[in-house]
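# Chain and residue survey
Spelled out, the chains give:
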Amino acid sequence: MRCTGLLWTALLCSVLLCVLRVSAVSASPRAARGLGKGNEMRREMDLVITSVRWRVRGVVAVCLVGVALLHVANPAVAAEGPAAPKGKSVEERLADLEKSTEWTKRVTLGGQIRIRANYRNNADWFGKARDRDSSIEERTWLTVGAKFTDEIDGFVRLQDQRFFGAETSRTVAPTAGTNTLETSLQSNGDSQSVNLRETFLRFRDGWDAGLSLKFGRMIVQQGRGRYVGAANENGNGRSFDGALAGWEAALEGAGKNALQAFHFRVVDGNNTERGLGGGTAARDDDRTLSGLYDEFTPDLGEEATLTAGPFLYVNRDRRRFFVPERGTGAGTVGGPLPGPLTSATYGLRAFGTVAGGAHFDLDAAFQRGQWASDQVRAHSFRLSAGWEFADLPWKPDPILGYSYATGDSDPNDGKRETPDLLYPTANYYGYGFAERYSLQNLVQYDAALIVRPYDDAPSGRKLLLKLWYKDSRLATRNDANYLATGAKFPGTVVNLSARPGSEIDKELSLAGVYNFSKGVWLDGGLAHLWPGRYIRHLINTGQGAAPAGRHANDSWWWYLLVTANF
């Protein structure tokens, strides 16, 4: 209504102005004078100037009349000022802002930077072209997590791994003059420095039944990782492609249970769907792992804790270059017999604490299967127990451990008694701080002392030191010594029955971990290894990969690792 009244007022004022302008022009003194024909141009100029003046006066008049009419029609306008333009309320604008930033709640970004310096001296026990190896390794993770709905989320982990001074990672066997330490730190992973370490979708049920499903590429670490683990102690690590279904439930009055069922293809950067190098045929599913893993935690109160459960792993390896150990004569190893491997590993995993500070850790496994024409009949276990004196300064925690894995007592009897290694992360947890051995044809006694000189909970800073001694021996002298990769050391041993002893080596190491904060820590260690009678005999007699005339010497190993999460 106010706008309509203002328009009518402006229209009336304009009509009035036009009448006044016409009257003014007609009554102009100069127009009445008759200045002659020569002054017509000047007369026209005077008329234009007079018209412009009256138009300006008219506009001013219209504005004054309109304001006056508005004051008369609504006096409140003069007191309150002009009305504010209509818009969204403060609550509506806050709601719009909330919607525009919802993606920041559904997407999480993170990563990790890891730099590790390594040094080994005489790692092979005997001299060769390059006996002192050192390297500086860099690994970077970039992670993105996305929550699509309450039931569906996803995760991506990009990994870049390389050595200082090298643009690509080595994944092939070392040759003379290469850095064997760099090669040994490579997993069976990608040959490229940048790879996709994880990418999966996860589905959760909407009925709070504890069900879940992960599908894609993922890192898997079950228990201590003695049979299936992430292998993060090396550069590339290990990933699995496939599906993992989970069920977690709280059992009323009994405790809680977590069950996993899975089927994977083991990621191998050296293999493609078209085959291996050198013309050897292979497929992208040449190694598959299926199984069940369960952990039950009963409710024992505050005095004790226990987690225990069975596991089953079915491993199938169809690589044609896979060669089992088979002899061609008494006490010898040789006679290649290529063929696939299928093994079923079943056992028990248990760990817990008892009132007063006692604790234990157990893995026990039996293995059956077929390796080429040999029947697999093997078993292994690892047991450690300790007592943490939490009331004493530095909280000392002495630990005793024992590891055992069968070896092949007779290479010619059609039975394979050396366990299938599977895919472990095992070295740091029991078979040598220097990352030398696997749980195959092994008897090992170890003792450790853990102390915590510094533990500041508010700041997150902690210091842990571990002094560790181990004594490693062969379970049977008719089988070889196996490295952490499952390879025999040193190479193919040709005269097993002539060994004077089964002592592999002794190791003394000191390791420490210091947490600067929750996301940054420093990890390092030093180990000294003394070769036993078995190692000395092989090297001094020039068997396997050992050159004739060499003598076994002590070995040193140290590393320093800095890790930062963001």
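Note that the structure is predicted; figures quoted are calculated from it, not measured.

Scanning the protein chain for helices and strands turns up 8 helices and 21 strands. Considering the protein chain as a whole, with its 566 residues, one finds that 41% of them fall into the buried category. By element, 61% of the accessible surface of the protein chain is carried by carbon and sulfur atoms, the whole surface being about 30100 Å².

With that settled, the discussion passes to the nonpolar core. Judged by nonpolar contacts, the single largest core of 37 residues is most densely connected at F240, Y313 and I535. Every element with two or more residues in this core is listed here: β6 (240–251), β7 (255–266), β8 (287–298), β9 (305–317), β20 (520–531), α8 (533–540) and β21 (555–565). The greatest single-element share of this core, amounting to 4 residues, is contributed by α8. Ignoring any residue separated from it by four or fewer positions in sequence, one finds Y313 in contact with Q222, Y227, V228, F262, L289, S290, Y293, S343, A344, T345 and L422.

Phi is positive for A231, close to 55°, though the residue is something other than glycine. Phi at K395 is positive, roughly 50°, even though this residue is not glycine. Its place among the elements puts K395 in the loop between β12 (374–387) and β13 (397–405).

The next point concerns empty space enclosed by the protein. Applying the stated rule across the entire model yields 3 cavities of 30 Å³ or more. If you add up the space inside the second largest cavity, you get close to 70 Å³. Lining the second largest cavity are Q222, G223, R224, G225, R226, Y227, V228, Y293, F311, Y313, R349 and D363. Its residues placed into classes, the lining of the second largest cavity shows 5 nonpolar, 3 polar and 4 charged.

On to the pattern of salt bridges, then. Enumeration over the complete set of coordinates arrives at 20 salt bridges. A salt bridge links D241 to R217, with the nearest nitrogen and oxygen atoms 2.7 Å apart. A residue pair is termed long-range when its members are at least 10 positions apart, and D241 in strand β6 and R217 in strand β5 (residues 211–218) qualify at 24 residues. For D241, a relative accessible area of 27% translates into the label partly exposed. The residue D455 makes a salt bridge to K395 at a minimum N-O spacing of 3.7 Å. Of this pair, D455 sits in strand β15 (residues 442–456) while K395 is found in the loop between β12 and β13, placing the two residues 60 residues apart along the sequence. Of the residues examined, D455 reaches a relative accessible area of 40% and is grouped as partly exposed. Taking the relative accessible area as the measure of exposure, K395 reaches 29% and is therefore partly exposed. Overlapping salt bridges bring together R224, R226, R349, D361 and D363 as one network.

Among the secondary structure elements, S438 is positioned in the loop between β14 (415–416) and β15. The exposure class of S438 is buried, given its relative accessible area of 3%. The sequence separation of S438 and L421 amounts to 17 residues, and the corresponding C-alpha distance is 7.5 Å. Beyond its immediate sequence surroundings of up to four residues, S438 is in contact with L421, Y482, L483 and A484. Of the polar contacts made by the side chain of S438, one reaches the side chain of Q440; its length is 2.8 Å.

To continue, consider the pairing of β5. Bridge count between strand β4 (residues 194–204) and β5: 6 bridges; the pairing is antiparallel. Note on β5: the bridge partner recorded for F200 is G216. Examined bridge by bridge, β5 and β6 share 8 bridges and lie antiparallel to one another. Among the inter-strand pairings, K214 is bridged to a residue of β6, identified as L244.

Summed over the entire model, instances satisfying the criterion amount to 15 aromatic pairs. Here the aromatic rings of W557 and Y559 are separated by 6.2 Å at their centres, their planes lie at 40°, and the arrangement is tilted. Both residues of the pair, W557 and Y559, count as buried. Every member of this aromatic cluster is reached through a ring pair, and the members are Y227, F240, F262, F264, F311, Y313 and Y423. The positively charged end of K214 is found above the aromatic ring belonging to F200, 4.3 Å away from the centroid. One cation-aromatic arrangement involves K466 over W468; the distance from NZ or CZ to the ring centre is 4.2 Å.

So, about a nonpolar patch on the surface. Judged by side-chain polarity, L109, I113, I115, I136, L142, V144, V156, L158, F164, L196 and F566 come together as a nonpolar surface patch covering roughly 970 Å² of accessible area. For the nonpolar patch, the elements supplying multiple residues, two or more each, are β1 (107–121), β2 (132–147) and β3 (152–163). In this fold, V156 is placed in strand β3. We classify V156 as partly exposed; its relative accessible area is 32%.

The alternating pattern of β13 places D397, I399, G401, S403 and A405 on a buried face, while none of P398, L400, Y402 and Y404, on the opposite face, is buried. With 7 bridges connecting them, β12 and β13 associate as antiparallel partners. The residue bridging R382 from the neighbouring strand is S403, located in β13. Where β13 meets β15, 9 bridges bridge the pair, whose relative direction is antiparallel. Note on β15: the bridge partner recorded for S403 is Q444.

What follows concerns α8. All buried positions along α8 are accounted for by Y534, I535, H537, L538 and I539. Check the buried side of α8 and you find it contacts β17 (481–482), β18 (488–489), β19 (503–515) and β20.

Structurally, the position occupied by Q222 is in the loop between β5 and β6. Looking at Q222, the relative accessible area reads 5%, which means it is buried. Polar contacts involving the side chain of Q222 include one to the side chain of Q260, which spans 2.9 Å. Once residues lying within four places of it in the same chain are set aside, the contact partners of Q222 are V228, Q260, F262, Y293 and Y313.

In this model, the protein chain carries a mean pLDDT of 77, and residues with pLDDT of at least 70 account for 66%. For the stretch residues 76–81, pLDDT sits under 50, and the model shows 3 contacts to residues farther than four places along the chain or on other chains. Counted against residues more than four places away or in other chains, residues 187–191, with its pLDDT under 50, gives 20 contacts.

Conventions and cut-offs
- Residues numbered from 1 in each chain as written.
- Predicted model: local features only at pLDDT ≥ 70, side-chain atom pairs only at ≥ 80, totals over all residues.
- Heavy atoms only, no water.
- Helix = DSSP H or I, 4+ residues; strand = E, 2+ residues; numbered from the N terminus.
- Buried < 20%, exposed > 50% of the residue type's maximum accessible area, 1.4 Å probe, protein only.
- Areas by Shrake-Rupley, 256 points an atom, 1.4 Å probe, with all protein chains shown as cover.
- Core = buried A, V, L, I, M, F, W, Y, C linked by side-chain atoms within 4.5 Å.
- Contact = heavy atoms within 4.5 Å.
- 1 Å grid on protein atoms, 1.4 Å probe; cavity = no way out; pocket = protein on both sides within 12 Å on 5 of 7 lines; lining within 4 Å.
- Points joined across faces, edges and corners; volume = space filled by probe spheres on them.
- Nonpolar A, V, L, I, M, F, W, Y, C, P; charged D, E, K, R; others polar.
- Salt bridge = Lys/Arg side-chain N within 4 Å of Asp/Glu carboxyl O.
- Polar contact = N/O pair within 3.5 Å; in protein donor to acceptor, adjacent residues only side chain to side chain.
- Pairing = 2+ DSSP bridges.
- Phe/Tyr/Trp six-rings, centres within 6.5 Å; stacked < 30°, edge-to-face > 60°.
- Lys NZ or Arg CZ within 6 Å of the ring centre and 35° of its normal.
- Patch = residues over 30% accessible without salt bridge, like charges linked within 9 Å, V, L, I, M, F, W, Y side chains within 5 Å.
- pLDDT = per-residue confidence, 0-100.

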